[in-house]
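# A closer look at the structure
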Amino acid sequence: MAVAAALAFALGASAGSGGDGGSGGGGQTPERGTAGAGVPAGLSLERAVGELMIVRFEGARVPAYVRGLLRDGRASGAILFADNLGPAGARGTTRVLQRAARGGAIVATDDEGGEVTTVPTTPALPAASQIAGDVAGLTRNAGADLRRAGVNVNLAPVADIALPGSVMSGRAFSGSAEAVAAAVVAATRGYGAGRVGATLKHFPGFGRATANTDDAAVTIDASAAELETDLVPFHAAIEAGAPLIMASHALYPALDRRRIASQSAPILQGLLRRRLGFDGAVITDSIEAEAVTSRSSVEVAAQRSVEAGADLILMTGRGSWIRIYPAMLARARRDGVFRAKVEAAAARVIRFKRRLGLAT
């Protein structure tokens, strides 16, 4: 009840004029998006910020506050974990989410295969390292099962090239950079054929890591030349039309000495968008990861990610929305440069939703 009360307070406060450079009038007239940012006409700033939010909730019953966020456009969608599946599986949960969002909710899950599986598919998808045959066919069937369950985004495939001793061993495809690239392209196309958006992760490559950023700060101390090899699967899948990329929370000193990848403009804008030509949406890895929270609060981290070029903030912990959304909205109201970045990100998310066949 305390969380719900705080949430209701934040919703009311964020709609008011306050002292953050809003439009005044007690919040009765929401700020409108600027046409130059590619935001649909009439989209309020409150809804533009909401398009960047992927939330998490506990249990198979969708809480009223989550339904309210989706209904009011204060969140773009939700990520499902095993505890969100009821006796009948995911379908009951996803129906409630889409009804609240009027058919416009991103519903994501983490179904790489093997041990990293949330929504069971038939047949069960093996771990990437164990797939030796028809990657496109297996992922197409898995994608179709996910879509029937109401899931429209899979946080897979892993596009990392796992070196010996890597934390990604078993989760990444096996073989050379070219072999991994071929498998990642096939998986991206397979999920797409199953009407599920594939997610390449973890950009710009996490196969050299020996620890998970969920648990510790990670530095990928590789040269720029070595990282070129790690980019091969990402580049190939971008050329094949990958719609979504997950940014790593590791630090890559050869590319940016100060910022982790999910908060680095040189990596997300300079490398990913300008050099590799990616024009889809970028999602962060879990914003509550230790590699993030050891550097800043989640609300500061979310703003840094949007400043750097990320479009979707993935929240997997409790109470993150209540901190991130109001802070993001207040910053966008008082900072025109940041507002433009929010609106550009919202426009990319809306294009991504349309590609998934969702209402916008």
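Now for a quick tour of the structure.

Analysis parameters
Residue numbering note: each chain is counted from 1, following its sequence as written. Given that this is a predicted model, residues contribute local features only at a pLDDT of at least 70 and side-chain atom pairs are listed and counted only at 80 or more, while totals for whole chains, interfaces and linings are drawn from all residues. Heavy atoms throughout the structure, all of them, feed into the side-chain values; hydrogens and water do not. In this analysis, strands are considered paired if DSSP registers two or more bridges between them. A run of H or I in DSSP becomes a helix once it reaches four residues, and a run of E becomes a strand once it reaches two; helices and strands are each numbered from the N terminus. We call two residues contacting when some pair of their heavy atoms lies within 4.5 Å. Between the N-to-C directions of two axes lies an angle of 0 to 180 degrees, each axis being a line fitted to C-alpha atoms and, for a helix, fitted only over the stretch in contact. Residues adjacent in sequence count toward polar contacts only when both atoms are side-chain atoms; beyond that, a polar contact is any pair of N or O atoms within 3.5 Å, and within protein one must be able to donate a hydrogen and the other to accept it. Aromatic rings from Phe, Tyr and Trp, with only the six-membered ring used for Trp, were paired whenever their centres fell within 6.5 Å, and each pair was classed as stacked if the ring planes differed by under 30 degrees, edge-to-face if by over 60, and tilted otherwise. The rule is simple: take the accessible area with a 1.4 Å probe, protein chains only, and divide by the maximum for that residue type; under 20% is buried, over 50% is exposed, in between is partly exposed. Remark: a charge is flagged as sitting over a ring if the NZ atom of Lys or the CZ atom of Arg is within 6 Å of the ring centre and within 35 degrees of the ring normal. The rule is simple: put a 1 Å grid over the protein atoms alone, call a set of points where a 1.4 Å probe fits but cannot get out a cavity, call an open set with protein on both sides within 12 Å along at least five of seven lines a pocket, and count a residue as lining if it has an atom within 4 Å of a point. Grid points are joined across faces, edges and corners, and a volume is the space filled by probe spheres set on the points. Any residue outside Ala, Val, Leu, Ile, Met, Phe, Trp, Tyr, Cys, Pro, Asp, Glu, Lys and Arg is labelled polar, Gly included; the first ten of those are nonpolar and the last four are charged. The span one expects for a helix is its residue count, reduced by one, times 1.5 Å. The rule for a salt bridge is simple: a side-chain nitrogen of Lys or Arg has to be within 4 Å of a carboxyl oxygen of Asp or Glu. Here a crossover is taken to be right-handed if, once the strands point away from the viewer, the path from the first strand over the helix to the second is traced clockwise.

If you walk across this open sheet you meet the five strands as β4-β3-β2-β1-β8, and the pairing is parallel. Looking along the sheet, the strands with just one partner apiece sit at the ends: β4 (153–154) and β8 (313–314). Relative to β4, strand β3 (residues 106–109) runs parallel, the two sharing two bridges. For alanine 108, the partnering residue across the bridge sits in β4 and is valine 153. Sheet contacts for helix α11 (residues 321–334): β1 (53–55) and β8; angle to β1, the most-contacted strand, approximately 170°.

On to the side chain of threonine 94. Mapped onto the fold, threonine 94 is located in helix α4 (residues 91–100). A distance of 3.0 Å separates the side chain of threonine 94 from the backbone oxygen of arginine 91, its partner in a polar contact. Filtering out sequence-adjacent residues up to four positions away, threonine 94 remains in contact with Leu80, Val107, Ala149, Gly150 and Val151.

Read from one edge to the other, the open sheet built from three strands follows the order β5-β6-β7, with strand pairing classed as parallel. Two strands close off the open sheet at either side, each with one partner strand: β5 (199–203) and β7 (281–284). Shown here is a sheet whose adjacent strand axes are inclined to one another by a mean of 30°, direction ignored. Helix-sheet contacts for helix α8 (residues 265–275) involve β5, β6 (244–247) and β7, and the interaxial angle to β7 is about 145°.

So, about the packing of aromatic side chains. Here the distance between the centres and the angle between the planes together describe a pair of aromatic rings. Inspection of every chain in the model, using the stated rule, returns two aromatic pairs. Between phenylalanine 203 and phenylalanine 234 the ring centres are 5.2 Å apart and the planes differ by 90°, which places this aromatic pair in the edge-to-face class. One end of the pair, phenylalanine 203, is in strand β5; the other, phenylalanine 234, is in helix α7 (residues 224–239), and 31 residues separate them in sequence. Between tryptophan 321 and tyrosine 325, the aromatic rings sit 4.8 Å apart at their centres with planes inclined by 15°, giving stacked as the arrangement. Pair noted here: tryptophan 321 and tyrosine 325 are both in helix α11, with a separation of four residues, about one helical turn. As far as the burial class goes, tryptophan 321 and tyrosine 325 line up, both buried. The cationic tip of arginine 331 hangs over the ring face of phenylalanine 338; the distance from NZ or CZ to the ring centre is 4.4 Å.

Before going further, it helps to spend a moment on empty space enclosed by the protein. Tallying each qualifying case throughout the model produces four cavities of 30 Å³ or more. When its volume is computed, the largest cavity comes out at roughly 80 Å³. In terms of lining residues, the largest cavity is bounded by 13 residues, among which Glu112, Ala128, Pro157, Phe173 and Tyr191 are the most central. A per-class count over the lining of the largest cavity returns 10 nonpolar, one polar and two charged.

The first and last C-alpha atoms of helix α5 (residues 135–148) sit 20 Å apart over 14 residues, in line with the 20 Å expected at 1.5 Å per residue. Along α5, the residues that are buried comprise Val135, Gly137, Thr139, Ala142, Gly143, Asp145, Leu146 and Arg147. Looking at the packing, one finds that the buried side of α5 touches β3, β4 and α6 (177–193). Immediately beyond the C-terminal end of α5, within one or two residues, lies glycine 150, with a positive phi of roughly 95°.

Here the focus is the pattern of salt bridges. Summed over all chains, the structure comprises 17 salt bridges. The partner of lysine 201 in a salt bridge is aspartate 110, and the shortest N-O contact between them spans 2.9 Å. Remark: aspartate 110 occurs in the loop between β3 and α5 and lysine 201 occurs in strand β5; sequence separation between them is 91 residues. Judged by its relative accessible area of 2%, lysine 201 falls in the buried class. The partly exposed category is assigned to aspartate 110, whose relative accessible area is 22%. In this structure, aspartate 145 and arginine 148 form a salt bridge, with 2.4 Å as the shortest nitrogen-oxygen distance. Note that aspartate 145 and arginine 148 are positioned in helix α5 at a spacing of three residues, about one turn of the helix. By relative accessible area, which is 16% here, aspartate 145 ends up buried. One network of salt bridges, with partners in common, ties together Asp110, Glu112, Arg171 and Lys201.

Attention now goes to the pairing of β6. Along β6, one buried face is formed by Leu244 and Met246 and the opposite face, lined by Ile245 and Ala247, is buried too. Of the strand pairs in this sheet, β5 and β6 are connected by three bridges, and their pairing is parallel. Across the sheet, phenylalanine 203 pairs through a bridge with alanine 247, a residue of β6. This β-α-β element, β5 to α7 to β6, shows right-handed connectivity. Pairing between β6 and β7: four bridges, direction parallel. Bridge assignment links methionine 246 to a residue of β7, and that residue is isoleucine 283. Crossover connection from β6 via α8 to parallel β7: handedness right-handed.

Look at the link from threonine 122 to proline 123: it is a cis peptide, with omega at -5°. For proline 123, the position within the fold is in the loop between β3 and α5. Residue proline 157 follows alanine 156 across a cis peptide bond; omega there is 15°. Note that proline 157 resides in the loop between β4 and α6.

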